[in-house]
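# Architecture at a glance
Now for the letters of each chain:
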Amino acid sequence: MGRFLDVDGVRLHYIERGQGDPIVLIHGNGTMIQDFTVSGLVDRLATRYRVIVFDRPGYGYSSRPRQLWTPRTHAKLFQNALGQLGVEQAVVLGHSWGTLVAVALALECPSLVRSLVLASGYYYPTLRVDTFLFSPPAVPVIGDAMRHTISPLIARAMLPGLIKQMFAPAEVPERFERKFPKEMMLRPSQLRAAAEDAALMTPSVMELQHHYRELQMPVTIITGADDQIADVGRQSERLHRELPQSEFIALSGLGHMMHHLAPDAVINAVERTASKVGDEIRGRPRAIV
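Report follows, based on the coordinates. (Residues numbered from 1 in each chain as written. Predicted model: local features only at pLDDT ≥ 70, side-chain atom pairs only at ≥ 80, totals over all residues. Heavy atoms only, no water.)

## Considerations on the side chain of His 95
- Mapped onto the elements, His 95 comes out in strand β5 (residues 90–95).
- We classify His 95 as buried; its relative accessible area is 3%.
- Within polar-contact distance, the side chain of His 95 engages the backbone oxygen of His 256 at 2.9 Å.
- Residues in contact with His 95, not counting those within four places in the same chain, are Ile 26, His 27, Gly 28, Asp 35, Phe 36, Ala 119, Ser 120, His 256, Met 257 and His 259. (Helix = DSSP H or I, 4+ residues; strand = E, 2+ residues; numbered from the N terminus. Buried < 20%, exposed > 50% of the residue type's maximum accessible area, 1.4 Å probe, protein only. Polar contact = N/O pair within 3.5 Å; in protein donor to acceptor, adjacent residues only side chain to side chain. Contact = heavy atoms within 4.5 Å.)

Next up, the structure:
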């Protein structure tokens, strides 16, 4: 559905739509570019912006060489990819695990990230059962055997319940059920990527949390108020308190995949954040519930 770049030994798949100021969208764990195309965000943002979306390494059609794929490793890869595309400055939106990459990119290259939109993110370490459940396929040798034998069967059986939980308390939209390529989520290569990301999630935020106050650009934190994947109070609200320049938006009645059910709110958040200038908003926190 898109094109490829060769970046640092990775065959990186991406799509590019529209013209104008660049906006980069970074997907979460287990998903791919289609998370943003099926939700309608790409088409709608592309009427005003140059929208760039990458399949993160190991997802969709992007390769994933064997190495430690931390958020900072992702960030360096995307920095080089955006350099190849001639992007000097962009608004960056990350969803779920993608928020860690967005934050890391802003820390690694603050001149590149004009402003941040962090959606349904995980920012502080907590004990998570899903980390233990989904990490085994990341283990070399044993995990490789699992990914090519029992893991796809187990994942196929669990997938409907996992998707339902991601959208809860709202219903899974018919558009998502019909258009999202769920079979791609069950490939051994993508199961490895998702398992590695799950295993690295808590260690990654343990490192990143010490640097959040270094973020000087405008930041909007948006989440479903009833997110059942990432605890809103312990994650998004806490980050908002730590970043005095941030805006916090909690969408009532929505869960982790709120961008599929409230795309207008996400697009408005992107547009407001894109229009801000750092010196104008510093020290003026705002919350919308």
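## Comments concerning the pattern of salt bridges
- Within this structure, the stated rule accounts for 16 salt bridges.
- Linking Arg 50 and Glu 16 is a salt bridge whose minimum nitrogen-to-oxygen distance equals 2.5 Å. In this pair, Arg 50 is assigned in strand β4 (residues 50–54) and Glu 16 in strand β2 (residues 10–17), connecting sequence segments 34 residues apart.
- Under the relative-accessibility criterion, Arg 50 is labelled buried at 17%.
- Via salt bridges that share partners, Arg 56, Arg 64, Arg 66, Arg 192, Glu 196 and Asp 197 belong to a single interconnected network. (Salt bridge = Lys/Arg side-chain N within 4 Å of Asp/Glu carboxyl O.)

## Observations concerning the nonpolar core
- Counting 49 residues, the largest nonpolar core has Phe 54, Leu 116 and Tyr 212 as the members making the most contacts within it.
- If you tally residues by element for this core, the top one is helix α4 (residues 97–108), at 9 residues.
- For Leu 116, the contacting residues outside a window of four places in its chain are Val 92, Ala 102, Ala 106, Leu 215, Met 217, Pro 218, Val 219, Thr 220 and Thr 273.
- Formed by 28 residues, the second largest nonpolar core is a distinct cluster that contains Ile 33, Ala 170, Ile 267 and Ala 269. (Core = buried A, V, L, I, M, F, W, Y, C linked by side-chain atoms within 4.5 Å.)

## Topic: the side chain of Gln 245
- Mapping Gln 245 onto the fold places it in the loop between α11 (233–242) and β8 (246–251).
- On the accessibility criterion, Gln 245 (5% relative accessible area) is buried.
- One polar contact links the side chain of Gln 245 to the main-chain carbonyl oxygen of Met 217, over a distance of 3.1 Å.

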